[in-house]
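Below, each chain spelled out in residue letters.
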Amino acid sequence: MIQERCYIRKISLRASDDRTDDHHYNKNSAEYLIILLEEKMNSEIRDLSLAESGERKIEWVKRNCDLLRTLEKEFTETKPFAGKKIALSVHLEAKTAYLCKVLKAGGADMYVTGSNPLSTQDDVAAALVKDGLEVHAWYDCTPEEYELHIRHVLEAGPNIIIDDGGDLVNMVHTKMPELIPAIIGGCEETTTGIIRLEAMNNAGELKFPMVRVNNADCKHFFDNRYGTGQSVWDGINRTTNLIVAGKIVVVAGYGWCGKGTAMRAKGLGARVIVTEIDPIKAIEAVMDGFDVMPMNEAAKIGDFFVTVTGCDKVIDEEDFAVMKDGAVLCNAGHFDCEIDMARLREIALETREQRKNIMGYKLPTGQWIFVLAEGRLVNLAAGDGHPAEIMDMSFAIQALSAKYLVEHGSELTEKLIDVPREVDIDVAKRKLAFLGKEIDVLTEEQEKYLNSYTLA
Ligand code: NAI
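Residues numbered from 1 in each chain as written. Predicted model: local features only at pLDDT ≥ 70, side-chain atom pairs only at ≥ 80, totals over all residues. Heavy atoms only, no water.

(A) Highlighting the confidence of the model for the protein. Residues with a pLDDT of 70 or more make up 91% of the protein, whose mean pLDDT is 92. Confidence drops under pLDDT 50 across residues 1-28; counting only partners more than four residues distant or on other chains, this segment forms 45 contacts. (pLDDT = per-residue confidence, 0-100. Contact = heavy atoms within 4.5 Å.)

(B) Seen up close, the pairing of strand S10 (residues 304-307). Burial along S10 is two-sided: Phe304 and Val306 facing one way and Phe305 and Thr307 facing the other are all buried. Following the chain from S10 across helix H14 (residues 317-322) to the adjacent parallel strand S11 (residues 328-331), one finds a crossover that is right-handed. (Buried < 20%, exposed > 50% of the residue type's maximum accessible area, 1.4 Å probe, protein only. Helix = DSSP H or I, 4+ residues; strand = E, 2+ residues; numbered from the N terminus. Right-handed = clockwise from strand over helix to strand, strands pointing away.)

(C) Seen up close, the sheet that holds strand S6 (residues 210-212). Pairing in this open sheet of seven strands is parallel, and the strands run S3-S2-S1-S4-S5-S6-S15 from one edge to the other. Looking at the sheet topology across the chains shown, the edges are occupied by strand S3 (134-135) and strand S15 (416-418). Packed onto the sheet, helix H17 (residues 388-408) meets strand S4 (160-163), strand S5 (185-188), S6 and S15 and runs at close to 160 degrees relative to S5. (Pairing = 2+ DSSP bridges. Axes fitted to C-alpha atoms, helices over the stretch in contact; angles between N-to-C directions.)

(D) Structural context of the sheet that holds strand S14 (residues 368-372). One open sheet accounts for eight strands, arranged S9-S8-S7-S10-S11-S14-S13-S12; its pairing is mixed. Of all strands in the sheet, those with a lone pairing partner are strand S9 (291-292) and strand S12 (350-355), marking the two edges. For S12 and strand S13 (residues 358-362), the ladder comprises five bridges, and the chain directions are antiparallel. Residue pairing for S13: glutamate 350 is matched across the bridge by lysine 362. Sheet strands touched by helix H10 (residues 217-240): strand S7 (248-252), S10, S11, S12, S13 and S14. Its angle to S10, the strand with the most contacts, is close to 140 degrees.

(E) Quick peek at helix H6 (residues 122-130). H6 sits mainly inside the fold: eight of its nine residues count as buried. In the stretch just after H6, glycine 132 is the one whose phi turns positive, near 95 degrees.

(F) Representation of the site of the ligand. Looking at the ligand, there are 27 residues lining it, with Thr190, Thr191, Thr192, Glu276 and Asn379 nearest. In the environment of the ligand, an oxygen atom lies 2.9 Å from a nitrogen or oxygen atom belonging to the side chain of asparagine 224. Protein contact buries 87% of the 860 Å² of open area that the ligand shows by itself. For the shell around the ligand, the elements supplying multiple residues, two or more each, are helix H9 (191-202), H10 and helix H11 (256-267). Among the elements that make up the shell around the ligand, the one with the highest residue count is H10 (three residues). (Near = heavy atom within 4 Å. Polar contact = N/O pair within 3.5 Å; in protein donor to acceptor, adjacent residues only side chain to side chain. Areas by Shrake-Rupley, 256 points an atom, 1.4 Å probe, with all protein chains shown as cover.)

Here it is as structure tokens:
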């Protein structure tokens with residue numbers, strides 16, 4: 001293990017040494033930072049000299065995250081995480097970095113990695129290391145490096161886990177069970193991670209409490225729907241530079257993320273087709289004004305395809321075969337299995353990187369189809385993820401749930417718990433206040449009316 005880590009560290013240092021492009025630091029200061037990294041930190045990142053760019057991105061996020069700024073102030077005074085180690089695996093861009101800084105302000109020792117090889121931003125990782133956090137992540141790491149980064153973060157022996165997709169929890173349970181006694185609990189950010197946790201819990205295998213952060217109203221109502229809705233189209237638009245108006249967009253999955261993605265496609269002027277497996281969601285899509293049909297039918301007419309189901313092989317070989325020449329495919333679900341990329345790579349007669357993050361595949365049937373960001377989450381791998389104001393709410397829920405675990409972890413009997421309702425309401429009230437909006441308050445008489453079964 002130690003040998004593997006040294007090897008990686010050498011690669012990351014060499015990447016810094018070899019820099020020839022003009023950057024914010026001169027050679028001497030870059031070397032100084034590398035020495036700092038080697039002597040004082042245990043981090044594995046691409047290039048510490050990128051820190052200034054990362055710091056500016058984090059500053060921009062901070063300016064736009066009212067709730068997190070308030071929590072940072074509160075946590076600085078109250079230190080709810082004093083003496084606690086937090087291991088975090090979340091898409092490592094500037095909003096996540098600010099969450100890490102807020103938790104650190106609360107007294108936590110932070111051990112940070114990404115949750116997808118293509119969503120880590122190297123400058124943001126560098127800024128965190130410069131700020132004294134331990135980071136193990138770089139953009140475009142191999143699957144083996146990704147796994148090592150997860151392992152190295154966990155080697156700190158965390159008390160709290162903050163997970164996005166379940167990779168930390170999975171590694172602890174399957175390969176590092178000796179860590180379990182020190183873990184108070186953890187928080188899970190996304191739908192797919194919760195599906196994995198529920199499966200573990202049902203099998204009696206989940207060994208510490210996990211908070212279903214995704215299921216909080218202030219998370220999925222806004223993050224999954226409006227966050228994914230906007231950022232998916234930001235990723236597609238900036239990557240393809242193609243018009244959406246007048247095109248046919250196929251959205252696979254009409255859950256929270258799918259609703260947002262379809263709604264924004266409609267707003268851009270597309271004709272939207274939804275594919276579903278759930279008859280109720282399918283009716284909802286029809287009543288929202290969208291066409292509904294099986295994927296193999298939609299495959300024949302779609303110009304853009306977005307999968308956002310959390311399921312496997314939603315677009316497969318049979319669908320590729322009937323697609324139009326020039327069809328653009330992408331995924332916004334957590335894992336890169338929704339488009340059957342393995343099979344597409346096998347059957348392609350030719351491949352061509354057409355633009356950054358656009359790979360063309362020539363099919364045996366003769367047409368070319370184009371996949372964005374290798375089928376990984378398009379809004380993060382080919383964009384900057386959700387807007388800051390949205391992640392402000394999601395990460396406020398994360399931070400307050402982590403605080404709840406520290407305060408109440410020992411009392412919890414259930415292994416899978418919901419975000420306490422008072423935390424959800426607290427976040428909503430704080431957000432409304434920042435939005436400058438007021439709402440009505442029930443009078444005593446109204447409360448009585450709503451709680452009565454006798455009053456007419
Ligand atoms: P959800 O559970 O609300 O919706 C998923 C929908 O997909 C359901 O309606 C289900 O019936 C449908 N579905 C499942 N298999 C299908 C198939 N084979 N064909 C068509 N439809 C199918 O889940 P949610 O919250 O919308 O999340 C979906 C995925 O997106 C998850 O993997 C989640 O982790 C991920 N996610 C991604 C984000 C991003 O930033 N890109 C943000 C939040 C979640």
